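Results of the structural survey
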Amino acid sequence: MMNYKNLTKIATTALKRNKFRAFLTMLGIIIGVGSVIAMLSIGQASKKSIREEMADMGTNMIMVMPGQQRRGGVMMGNSDAKSLTLKDVEAIKKEAKYITDISPQVSTSGQAVNGNNNWPTSVYGANAAYLDIRKYEIEDGRVFTEKEIKSLAKVCVVGQTVIENIFSDGKDPIGQTIRFAGIPLKVIGVLKEKGQNGMGMDQDDLIIAPYTSVQRRMLAISHIQSIYASAVSEEQSDAAIEEVETILRRQHQLKEGADDDFDVRLQAEMVQMVSSVSDMLSLLLGSIAGISLLVGGIGIMNIMFVSVTERTKEIGLRMSVGGRGIDILMQFLFEAVLLSILGGIIGILFGVAISYIATYFLNMPFVVMTQAIALSFLVCSFIGIFFGWYPARKASGLNPIDALRHE
């Protein structure tokens, strides 16, 4: 029986005789493996980046939104609902044991104007706790006080993007006035830069003002649009949600069995949802890229058929001097496996390099999926055996006399 050392030597010699052809044959495997690893690694990097950035907002953050309501048999959107009030906020603040911070939120979009400069942005009305809940920090100045909230004070804290676009002359924004929806707002604080989140939204493109000022002066409404809160810890988030739901159902006088007219969401649930979508997309893209592995396998089968035809006399000669059919089969099968594995190794390096370059330019963490690399190596070995078997079987079944007579 031919040993593996001899098999390797013979297979290597055969491949060296047609280096360029061997490379072209491996190219399908290289592209296939590289694409699969790159797609899966970039997908995991994207997932990790999104999870980290959403975690920075606090995985124990709870959001309460108004539920959809029916009017005249028509389902209205959440923006039309008026089910949340300041009394709800006060009840949760007073009764909930698993809630540390809570803030109402109202918001509107429009043009922020300073002198001749203007910028389209959004104003969020909240209280001072909102900054802690959303993980914002004051870089310069201060946040508005409870007294300013009660007096509907025309003050605000501003994100870096707004500052860059309407204070382009470089002067200190503290003490300056911004006009928004015809209302002058005095800048009393500047927020630290946070950058974009995992979904590409600029977290610095905002103005935060007392919720009473936005609610009454800009929107002219008595209800609030949403409630933001922080649970004591991520582990206690479920208990906090249960508390909030119980309090709000009582506040809204909902009968047992009636649907909630509000929607309570947990940041950790959103993280999980985004991760699931990211995993699904990565798997889909990886599967599509994996089709090229099939094409690469067909290429190996094709070239092995050509090799068998070209070396028919060599096969006849080996068999005439005592070579058995199993020896010939192993020889050609080993060549196919070697082609596939070499292509797989180069493809792995190619895929890792593409992943590194892509994550570098996309400003995402570099993730190497060792499972994908191990799986790719096994798949390459399987492809070599699967697509190399039939040509090798054909070679081992040749008649030695007919093979020697072959022209």
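Please read all numbers here as calculations on a predicted model, not as lab measurements.

**Section: the overall build of the protein**
The helix and strand tally for the protein stands at 13 helices and 12 strands. Relative to its 407 residues, the protein shows a buried fraction of 46%.

**Side note on the packing of aromatic side chains**
All told, the structure shown has 4 aromatic pairs when counted by the stated rule. Aromatic side chains Y356 and Y360 sit 6.5 Å apart centroid to centroid with 20 degrees between the ring planes, which places their arrangement in the stacked category. Here Y356 pairs with Y360, and both are found in helix α11 (residues 325-361), just 4 residues apart, close to one helical turn. We classify Y360 as exposed; its relative accessible area is 56%. Summarising the aromatic geometry, the rings of Y356 and F366 are spaced 5.3 Å apart at their centres and angled 90 degrees between planes, so their arrangement reads as edge-to-face. Of this pair, Y356 sits in helix α11 while F366 sits in the loop between α11 and α12 (370-396), and the two are 10 residues apart along the sequence. Here the aromatic cluster, defined as three or more aromatic residues joined through ring pairs, consists of Y356, Y360, F361 and F366.

**So, the nonpolar core**
Ranked by size, the top nonpolar core spans 60 residues in total, and within it I62, V64, I92, I99 and I207 carry the most contacts. If you tally residues by element for this core, the top one is strand β9 (residues 183-191), at 6 residues. Ignoring sequence-local partners within four residues, the contact set of V64 consists of L84, S226, I227, V244, L248, F262, D263 and V264. In this structure, I30, M304, F332 and I348 belong to the second largest nonpolar core, which totals 31 residues.

**Focus: unusual backbone geometry**
The phi dihedral of L152 falls on the positive side, at around 55 degrees, and the residue is not glycine. Looking at the secondary structure, you find L152 in the loop between α5 (146-150) and β7 (155-158). The backbone of A220 shows a phi angle near 55 degrees, a positive value even though the residue is not glycine. By the secondary structure assignment, A220 is in the loop between α7 (211-218) and β11 (226-231).

**Quick notes on the pattern of salt bridges**
Going through the model one piece at a time under the given rule, you end up with 5 salt bridges. R142 serves as the salt-bridge partner of E148, at 2.9 Å between the closest nitrogen and oxygen. Assessed through its relative accessible area of 14%, E148 is described here as buried. Judged by relative accessible area, which is 38%, R142 ranks as partly exposed.

**Focus: the pairing of β9**
Of all 9 residues in β9, 7 are buried; the element is thus mostly enclosed. Of the strand pairs in this sheet, strand β6 (residues 138-141) and β9 are connected by 3 bridges, and their pairing is antiparallel. Residue pairing for β9: I138 is matched across the bridge by L191. Pairing geometry for β7 and β9, over 4 bridges, is parallel. Across the sheet, V158 pairs through a bridge with V190, a residue of β9. Judged from the 4 bridges that link them, strand β8 (residues 177-180) and β9 form a sheet pairing that is antiparallel. Bridge pairing in β9 links I178 to L185. The turn joining β8 and β9, which pair antiparallel and follow one another in sequence, is formed by 2 residues; a positive phi near 55 degrees is taken by A181.

**Concerning α7**
Burial analysis of α7 places 6 of its 8 residues in the buried class, the great majority of the element. Residues Y211, T212, S213, V214, Q215 and M218 constitute the buried set of α7. Just downstream of α7, A220 is the residue with a positive phi angle, here 55 degrees.

**Side note on a negative patch on the surface**
On the surface, E139, D140, E164, D172, E193 and D202 cluster together to form a negatively charged patch. Take E164: it is sitting in helix α6 (residues 160-166). Take E164: its relative accessible area is 53%, and that puts it in the exposed class.

**Concerning helix α3 (residues 86-95)**
When α3 is considered as a whole, its buried residues turn out to be D88, V89, A91 and I92. Looking straight down α3, one finds that the buried residues subtend no more than 165 degrees of arc, so they occupy a single side. Summarising the geometry of α3, the exposed residues directed more than 90 degrees from the buried face are K87, K93 and K94. Lining the buried residues of α3 we find β4 (99-114), β11 and α8 (237-251).

**Quick word on the pairing of β4**
Consecutive residues of a regular strand have side chains that alternate between opposite faces of the sheet. For β4 and β11, the ladder comprises 6 bridges, and the chain directions are antiparallel. Each bridged residue has a counterpart across the sheet, and for D101 the counterpart in β11 is S230. Pairing analysis gives 9 bridges linking β4 to strand β5 (residues 117-126), with the strands arranged antiparallel. Across the sheet, residue G110 finds its bridge partner in β5, namely T121. Counted along the chain from β4 to the antiparallel partner β5, the turn is 2 residues long, and its residue G115 has a positive phi close to 65 degrees. Sheet topology note: the β4/β8 ladder contains 2 bridges and is antiparallel. By the bridge assignment for β8, A112 is matched with F180.

Thresholds applied
- Every chain is numbered independently, its residues counted from 1 as its sequence is written.
- Per-residue local features of the predicted model are confined to residues with pLDDT of at least 70, and side-chain atom pairs are confined, for both listing and counting, to 80 or more; whole-chain, interface and lining totals are unaffected and use all residues.
- Just so you know, side-chain values use all the structure's heavy atoms and leave hydrogens and water out.
- Only DSSP runs of H or I with at least four residues qualify as helices, and only runs of E with at least two residues qualify as strands; both kinds are numbered from the N terminus onward.
- Here the term buried applies to any residue with accessible area under 20% of the maximum for its type, exposed to any over 50%, and partly exposed to those in between, with areas from a 1.4 Å probe on protein chains only.
- Ring pairs shown here join Phe, Tyr and Trp side chains whose ring centres sit within 6.5 Å, with only the six-membered ring taken for Trp; geometry is labelled stacked below 30 degrees between planes, edge-to-face above 60, and tilted in between.
- Residue types Ala, Val, Leu, Ile, Met, Phe, Trp, Tyr and Cys, when buried and joined through side-chain atoms within 4.5 Å, form a set referred to as a nonpolar core.
- Note on contacts: a residue pair is in contact if any heavy atoms of the two residues lie within 4.5 Å.
- Salt bridge criterion: a side-chain nitrogen from Lys or Arg within 4 Å of a carboxyl oxygen from Asp or Glu.
- In this scheme, strands are said to pair when DSSP sees at least two bridges between them.
- Only residues whose relative accessible area exceeds 30% and that form no salt bridge are eligible for patches; like-charged ones are grouped when within 9 Å, while nonpolar side chains (Val, Leu, Ile, Met, Phe, Trp, Tyr) are grouped when within 5 Å.
- Per-residue and other accessible areas were derived by the Shrake-Rupley procedure at a 1.4 Å probe size, with only the shown protein chains allowed to occlude residues.
- We score Asp and Glu as negative and Lys and Arg as positive, and we do not count His or the chain ends.
- By convention, the point assigned to a charge is CZ for Arg, NZ for Lys, CD for Glu and CG for Asp.
- The directions considered for the arc run from the helix axis to the C-beta atoms.

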